[in-house]
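# Report on the structure
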Amino acid sequence: MSVDAFFAKVPFRAKLLGWGILLGPLLVLVLLARVFLRPEPMPSELVYGCYIADNAPWLEVEPGRIRVGDAERHAFAYVLEPAKEGYRLSVSPAMALNPQPNGRYEFRNERGIGYFWPLLPKSSDLPRDLRSPKDFGGRFSITARDSRDVLYVRSSRAEACE
């Protein structure tokens, strides 16, 4: 006995009502998730400032670009965006922190379109703990070519980025 034969004598209206009862709540859940699970937008002004890290060039986040304090004076374009875990800076072009023999890091051009730098909260190094823009702790992480995470922290001294 096939499924079609089982429902052969069921009126079309009853079938439609049955499918509505099954699919209606699922559709409502999907719509509610789209509305309420959207991440809160993060204003770019929250990330502006001078960031410093141990043995790495300083970075100054400005409207539309990130200036790099290395000998070649690189610059990045960036977009502040929500991610699966927290928020991140999506930067381009693809320049990675490369370790130097003296123990310092320098930005060098790489192949690719760019990188993602996760923003971090005040009390944790896990980007998923940054649930809203108000949790941003003035820190972000960059993974260097030697697989170490270089932690950049916003400096309160403006002269640090000169």
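Note that the structure is predicted; figures quoted are calculated from it, not measured.

### A short note on the overall build of the protein
- A tally of regular secondary structure across the protein gives two helices and ten strands.
- Taking 15 Å as the expected radius of gyration for a compact globule of 162 residues, we find that the protein reaches 25 Å, considerably beyond that expectation.
- Principal-axis analysis of the C-alpha atoms gives the protein an extent of 80 × 30 × 25 Å.
- Looking at the protein residue by residue over its 162 residues, the buried ones come to 33%.

### Thoughts on the packing of aromatic side chains
- All told, the structure shown has six aromatic pairs when counted by the stated rule.
- Taking the centre distance of 5.2 Å and the plane angle of 75° together, the rings of phenylalanine 76 and phenylalanine 107 count as edge-to-face. Linking phenylalanine 76 in strand S4 (residues 75-82) with phenylalanine 107 in strand S7 (residues 105-109), this pair joins segments that are 31 residues apart in sequence.
- The class for phenylalanine 107 is buried, based on a relative accessible area of 0%.
- Relative to tryptophan 117, the ring of phenylalanine 107 has its centre 6.3 Å away and its plane inclined at 35°; by these criteria the two rings are tilted. On the criterion of sequence distance, the pair formed by phenylalanine 107 in strand S7 and tryptophan 117 in strand S8 (residues 115-121) is long-range, its members being ten residues apart.
- Arginine 88 extends its terminal NZ or CZ atom over the ring of phenylalanine 116, reaching a point 3.9 Å from the ring centre.

### With respect to the side chain of serine 124
- Here serine 124 is to be found in the loop between S8 and strand S9 (136-143).
- For serine 124, a relative accessible area of 14% puts it in the buried group.
- Reaching out from serine 124, the side chain makes a polar contact with the backbone nitrogen of leucine 126 at a distance of 3.0 Å.

### Section: the pattern of salt bridges
- Taken as a whole and judged by the stated rule, the model has seven salt bridges.
- Between arginine 67 and glutamate 60 there is a salt bridge; the shortest N-O distance is 2.2 Å.
- Between arginine 145 and glutamate 110 there is a salt bridge, and its shortest N-O distance comes to 3.6 Å. In this pair, arginine 145 sits in the loop between S9 and strand S10 (149-154) while glutamate 110 sits in the loop between S7 and S8, placing the two residues 35 residues apart along the sequence.
- Each of the salt bridges in this network shares a partner with another, and the network as a whole consists of Glu60, Glu62, Arg65 and Arg67.

### As for the pairing of S8
- Where strand S5 (residues 87-92) and S8 come together, four bridges link them in antiparallel fashion. Within S8, the position partnered with arginine 88 by the bridge is proline 118.
- Where S8 and S9 come together, three bridges link them in antiparallel fashion. Note on S9: the bridge partner recorded for proline 121 is phenylalanine 136.

### Topic: helix H2 (residues 12-36)
- With 25 residues, H2 extends 35 Å from end C-alpha to end C-alpha; this agrees with the ideal 36 Å at 1.5 Å per step.
- Maximal helix bending in H2 amounts to about 30°, located at leucine 23; proline proline 25 follows within four positions.
- The element H2 is barely covered by neighbouring structure, given that only zero of its 25 residues are classed as buried.

### Here we look at a nonpolar patch on the surface
- There is a patch of nonpolar side chains on the surface, built from Trp19, Leu22, Leu23, Leu26 and Leu29 and spanning about 570 Å² of accessible area.
- When its relative accessible area of 54% is taken as the criterion, leucine 22 is described as exposed.

Conventions and cut-offs
Residues numbered from 1 in each chain as written. Predicted model: local features only at pLDDT ≥ 70, side-chain atom pairs only at ≥ 80, totals over all residues. Heavy atoms only, no water. Helix = DSSP H or I, 4+ residues; strand = E, 2+ residues; numbered from the N terminus. Rg over C-alpha atoms; globule rule 2.2 N^0.38 Å. Buried < 20%, exposed > 50% of the residue type's maximum accessible area, 1.4 Å probe, protein only. Phe/Tyr/Trp six-rings, centres within 6.5 Å; stacked < 30°, edge-to-face > 60°. Lys NZ or Arg CZ within 6 Å of the ring centre and 35° of its normal. Polar contact = N/O pair within 3.5 Å; in protein donor to acceptor, adjacent residues only side chain to side chain. Salt bridge = Lys/Arg side-chain N within 4 Å of Asp/Glu carboxyl O. Pairing = 2+ DSSP bridges. Expected span 1.5 Å × (residues − 1). Bend = angle between axes of the 7 residues up to and from the residue. Patch = residues over 30% accessible without salt bridge, like charges linked within 9 Å, V, L, I, M, F, W, Y side chains within 5 Å. Areas by Shrake-Rupley, 256 points an atom, 1.4 Å probe, with all protein chains shown as cover.

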